[in-house]
2 protein chains.
Amino acid sequence: MKERALIRDIRSGRQAIGGLIRGIGDDCAVFQAPAGDRVLLMTSDTLVDGVHFNRDFHPAESLGRKCVSVNLSDIAAMGALPCYALLCLSLPNDLPRKWLDQWRHGFDTQLDAFSCALIGGDTTVGRDLVVTVTIVGAAPEGDILYRNRAQKNDLVCVSGPLGSAAAGLSLLQKGVREQAGGGDKKFNRLFKAHLDPEPLVRLGCFLGQSGLAHAMQDISDGLATDLAHICTESGVGAVIEEQFLPCDPQLPVAADQLGVNRLDWMLRGGEDYQLLAAVAPEQIDSLNRALEENGFSPLIVIGRLTEEEGVFLHLSSGRREEISFQGYEHSSGD
Amino acid sequence: MKERALIRDIRSGRQAIGGLIRGIGDDCAVFQAPAGDRVLLMTSDTLVDGVHFNRDFHPAESLGRKCVSVNLSDIAAMGALPCYALLCLSLPNDLPRKWLDQWRHGFDTQLDAFSCALIGGDTTVGRDLVVTVTIVGAAPEGDILYRNRAQKNDLVCVSGPLGSAAAGLSLLQKGVREQAGGGDKKFNRLFKAHLDPEPLVRLGCFLGQSGLAHAMQDISDGLATDLAHICTESGVGAVIEEQFLPCDPQLPVAADQLGVNRLDWMLRGGEDYQLLAAVAPEQIDSLNRALEENGFSPLIVIGRLTEEEGVFLHLSSGRREEISFQGYEHSSGD
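Regarding the relation of the copies chain A and chain B
With an RMSD of 0.0 Å, the fit of chain A onto chain B corresponds to turning through 180° and sliding 0.0 Å along the axis. Here the copies are linked by what is in effect a two-fold axis. Across chain A, the smallest distance between a C-alpha and the rotation axis is recorded for Ala33 of chain A, namely 2.8 Å.

Here it is, written out as structure tokens:
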């Protein structure tokens, strides 16, 4: 555990990779390679208007932050620190300047919050608003957590409540809105989970540095799909227990109001951006103790990896059903 | 000059940067940092259907190659070697599978041709076909050619004919097509310049390694704009001579056929992907000798950098006119 060093790194993320030699204003961005045993990580995600977001209810500034956060989450999910970003924007001619300014403010403040510098990109016109963000990160090679190193009998752990983003999106799509002026906070956390999710960069780095997890990824396509990714890549299966699946107390209220099965959101809803980790049973106590000592919530154990292939849900009723790859799909990337 | 070493590098481009640890199949791609004094370069470009290309006359395979080439050209323009690529695709539901397969074949073969590995990206649906490619390259820090190091009195040099891509595009937009079966080759090089431009990676590396150029960039937005970039960034001006501007012999024929002023294509036409370099007058002879000895065409001197700001064209008629930033604009990125 090197918590003090970690905090220092996150405050000045760019030091993790080496200095920027040339940013925007040339054919390419140029930067120094990370020193020592650090390796580089890269991830790109595309968000398309009308597919990944709806401008009718997605405030521009939140969306700007989210375009950064979904990529930061991929870096966090491997236990690394983000350093640099590239932004490619395809903009419709009729996009209001004010909307774009607010979007950009959200984008910039979220990069700043994680000490990540914008070093390049491209802006063009197009019929759809399409945003592609690329993030570069770095980490000591030994800290990186892959999908394919999970082991039979590992505990399946998640970092927090499931299904909040899917519930928030469903509410918004049905016209339910947060009351202005702060009166009605009935679903505020569900709305935020969809509109402005928090990338768990500090937690991801801590788990990477701890050396106490075997595999990790973020939950972007829904637990059923993302756990199936870890299982397929690692050659194992999983059984998860309905009774252990965590949800926000606002979620059952929303499920009742919309007449939806809450389990559907929790298993198949995308964009939770919680971390999903495989941890050896004999390590979970010391890991959770270390997490709590360092100001994090403990991981929540929801099941176990097995020899038998496939991801299964053990229902509270005693029934067992296969749920492999039943997650949310609007994209098929990483 | 380290020509043998250069050729070896290009044959096995990835060695220039360090090994790939994890490609597609995880939250991020992971790769080793380049060794020694090498630094990293990154560039991203977005191409939008109906803005940057027209599927009515752009064969899918050529377009796949071009989506790689426009990014390779940015790496080449700084004297570096490309190593890794990320591909983000937004695909309309009605895009024919056969078209996509051909596009992908072109994309893959062009990456292979430059020893560049696809290591990540994202695929999503969208109304428009939008392609964003990110390329990572590497080079010894001392080899990199920036835009902002040009000096007063430097010669303005280009690597080859200007305006071919703009002429090819104009012909295609007017319905002129190449004859199938290879009969009529009247405009074949102009068509190719638009449909399937050649990124000058070997030449760019050679110029970087030579140490004989002060500044460089590729001509993607037209000579008038790209030369203005070098001038603005370097705090100089330029005068170029109409009589020295090179063009393909097919270009005047096309200009006559369409009733267009050829100079307009040559100065303001985008997407030439020739290299534009600033070279000290006392270095040009030894540089051009070295180029010829190594199988390259010599650079063509078209003008000179001046103290006075602005980019000026000295016409054959004796008249002088300012042309700064008059280039082609469908994008405003790097």
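Moving on, there is more to tell.
Here's the deal with the interface of chain A and chain B
Tallying the contact residues gives 58 residues for chain A and 58 residues for chain B. Scanning the region where chain A abuts chain B turns up eight salt bridges. As a salt-bridge pair, Arg147 of chain B and Asp27 of chain A come within 3.3 Å of each other at their nearest N and O atoms. Our count for the chain A to chain B interface comes out at 20 residue pairs in polar contact (both at pLDDT 80 or more). For the side of chain A that touches chain B, the elements supplying multiple residues, two or more each, are strand S1 (20-22), strand S2 (29-31), strand S3 (38-48), helix H2 (60-76), strand S4 (81-91), strand S5 (117-125), strand S6 (130-140) and strand S8 (215-218) of chain A. The greatest single-element share of the side of chain A that touches chain B, amounting to 10 residues, is contributed by S3 of chain A. When the residues that make up the side of chain A that touches chain B are grouped by side-chain class, the tally is 24 nonpolar, 20 polar and 14 charged. Where S3 of chain A and strand S2 (residues 29-32) of chain B come together, four bridges link them in antiparallel fashion. Each residue of the ladder has a partner; that of Leu40 of chain A, found in S2 of chain B, is Phe31 of chain B.

So, the sheet that holds strand S12 (residues 310-314) of chain B
Residue and element names in this part refer to chain B. The mixed open sheet is built from seven strands, whose spatial order is S8-S10-S7-S11-S9-S12-S13. Edge strands, defined here as strands with exactly one partner in the open sheet, are strand S8 (215-218) and strand S13 (320-322). For this sheet, the mean inter-axis angle between neighbouring strands, taken without regard to orientation, is 25°. Sheet topology places strand S7 (residues 155-158) next to strand S11 (residues 300-306); four bridges connect them, and they run antiparallel. Its bridge partner lying in S11, Val156 is registered against Gly303.

Focus on unusual backbone geometry
Although it is not a glycine, Phe325 of chain A adopts a positive phi angle of roughly 55°. With phi around 65°, Glu271 of chain B is a residue other than glycine that occupies positive phi space. Mapped onto the fold, Glu271 of chain B is located in the loop between helix H9 (262-268) and strand S10 (275-279).

Considerations on the pattern of salt bridges
Using the criterion set out here, one finds 32 salt bridges over all chains in the structure. Salt-bridge contacts for Arg147 of chain A lead to Asp26 of chain B; the nearest nitrogen and oxygen are separated by 3.6 Å. Taken together, the positions of Arg147 of chain A in the loop between S6 and strand S7 (155-158) and Asp26 of chain B in the loop between strand S1 (20-22) and S2 put the pair across two chains. Exposure remark for Arg147 of chain A: the relative accessible area of 7% places this residue in the buried category. The salt bridge partner of Arg189 of chain B is Asp248 of chain B, with a shortest N-O separation of 2.7 Å. Of this pair, Arg189 of chain B sits in helix H5 (residues 188-195) while Asp248 of chain B sits in the loop between strand S9 (237-241) and helix H8 (250-258); the two residues are 59 residues apart in sequence, bridging distant segments of the chain. On the basis of relative accessibility, which here comes to 42%, the residue Arg189 of chain B falls in the partly exposed class. Given the relative accessible area of 8%, Asp248 of chain B is considered buried.

Points about empty space enclosed by the protein
Residues and elements named next belong to chain A. Using the criterion set out here, one finds two cavities of 30 Å³ or more in the structure. The volume enclosed by the second largest cavity comes to roughly 30 Å³. Around the second largest cavity, the lining residues are Val156, Leu227, Ile230, Leu276, Ala277, Ala278 and Leu305. Taken together, the elements giving at least two residues each to the lining of the second largest cavity come down to helix H7 (223-234) and strand S10 (275-279).

Some words on the sheet that holds strand S4 (residues 81-91) of chain B
The sheet built from six strands is open, its strands ordered S1(A)-S2(A)-S3(B)-S6(B)-S4(B)-S5(B) with mixed pairing. Strand pairing shows two members of the sheet lacking a second neighbour, S1 of chain A together with strand S5 (117-125) of chain B, which therefore form its edges. Across this sheet, the average inter-strand angle for adjacent strands is 20°, counted without regard to direction. Where S1 of chain A lies against S2 of chain A, two bridges are found, and the strand directions are antiparallel. Within the sheet, the bridge partner assigned to Leu20 of chain A lies in S2 of chain A and is Phe31 of chain A.

A short note on the environment of Leu263 of chain A
Residues and elements named next belong to chain A. With respect to the element layout, Leu263 can be found in helix H9 (residues 262-268). Looking at Leu263, the relative accessible area reads 12%, which means it is buried. Along the chain, Leu263 and Val130 lie 133 residues apart, while their C-alpha atoms are 32 Å from each other.

Structural notes on the packing of helix H4 (residues 164-173) of chain B against H5 of chain B
Residue and element names in this part refer to chain B. Where H4 contacts H5, the axes come no closer than 7 Å and their chain directions differ by 100°. Taken as axis vectors, H4 and H5 run roughly perpendicular relative to one another. Residues Ser164, Ala165, Ala167, Gly168, Leu169, Leu171 and Leu172 of H4 pack against Leu190, Phe191, Ala193, His194 and Leu195 of H5. For the contact of H4 with H5, the residue count by class is nine nonpolar, three polar and no charged.

Focus: the confidence of the model for chain A
Residues and elements named next belong to chain A. Taken residue by residue, chain A gives an average pLDDT of 92. The fraction at 70 or more is 91%. This stretch, residues 1-14, has a pLDDT under 50; its non-local contacts, to residues over four places away or in other chains, come to 29 contacts. The ipTM assigned to the predicted complex is 0.92, against a pTM of 0.92.

Remarks on the pairing of S7 of chain B
Residue and element names in this part refer to chain B. Side chains of S7 alternate between two faces, with Leu155 and Cys157 and Val156 and Val158 buried alike. As paired elements, S7 and S10 share four bridges and run antiparallel to each other. When the bridges of S10 are listed, Val158 appears paired with Leu276.

Points about helix H3 (residues 97-113) of chain B
Note on helix geometry: an α-helix contains 3.6 residues per turn, so any two residues three or four positions apart are oriented the same way. Residues and elements named next belong to chain B. Here H3 contains 17 residues, and its C-alpha end-to-end distance of 24 Å stays within 8% of the 24 Å for a straight helix at 1.5 Å per residue. By the burial criterion, the buried members of H3 are Trp99, Trp103, Gly106, Phe107, Gln110 and Leu111. For H3, the arc enclosing every buried residue in end-on projection is 130°, short of the 170-degree limit, so these residues lie on one face. In H3, those exposed residues whose orientation departs by more than 90 degrees from the buried face are Arg97, Lys98 and Asp112.

Digging into the pairing of S10 of chain A
All names here are of chain A. With five of five residues buried, S10 is to be regarded as a mostly interior element. With burial as the criterion, each face of S10 is covered, one bearing Leu275, Ala277 and Val279 and the other bearing Leu276 and Ala278. Summarising the sheet, S8 and S10 pair through four bridges and their orientation is antiparallel. The residue of S10 that forms the bridge with Met216 is Ala277.

Parameters and conventions
- Residues numbered from 1 in each chain as written.
- Chains lettered and ligands numbered in written order.
- Predicted model: local features only at pLDDT ≥ 70, side-chain atom pairs only at ≥ 80, totals over all residues.
- Heavy atoms only, no water.
- Least-squares fit on C-alpha atoms with pLDDT ≥ 70 in both.
- Contact = heavy atoms within 4.5 Å.
- Salt bridge = Lys/Arg side-chain N within 4 Å of Asp/Glu carboxyl O.
- Polar contact = N/O pair within 3.5 Å; in protein donor to acceptor, adjacent residues only side chain to side chain.
- Helix = DSSP H or I, 4+ residues; strand = E, 2+ residues; numbered from the N terminus.
- Nonpolar A, V, L, I, M, F, W, Y, C, P; charged D, E, K, R; others polar.
- Pairing = 2+ DSSP bridges.
- Axes fitted to C-alpha atoms, helices over the stretch in contact; angles between N-to-C directions.
- Buried < 20%, exposed > 50% of the residue type's maximum accessible area, 1.4 Å probe, protein only.
- 1 Å grid on protein atoms, 1.4 Å probe; cavity = no way out; pocket = protein on both sides within 12 Å on 5 of 7 lines; lining within 4 Å.
- Points joined across faces, edges and corners; volume = space filled by probe spheres on them.
- Parallel < 35°, antiparallel > 145°, perpendicular 65-115°, else oblique.
- pLDDT = per-residue confidence, 0-100.
- Expected span 1.5 Å × (residues − 1).
- Arc of directions from axis to C-beta.

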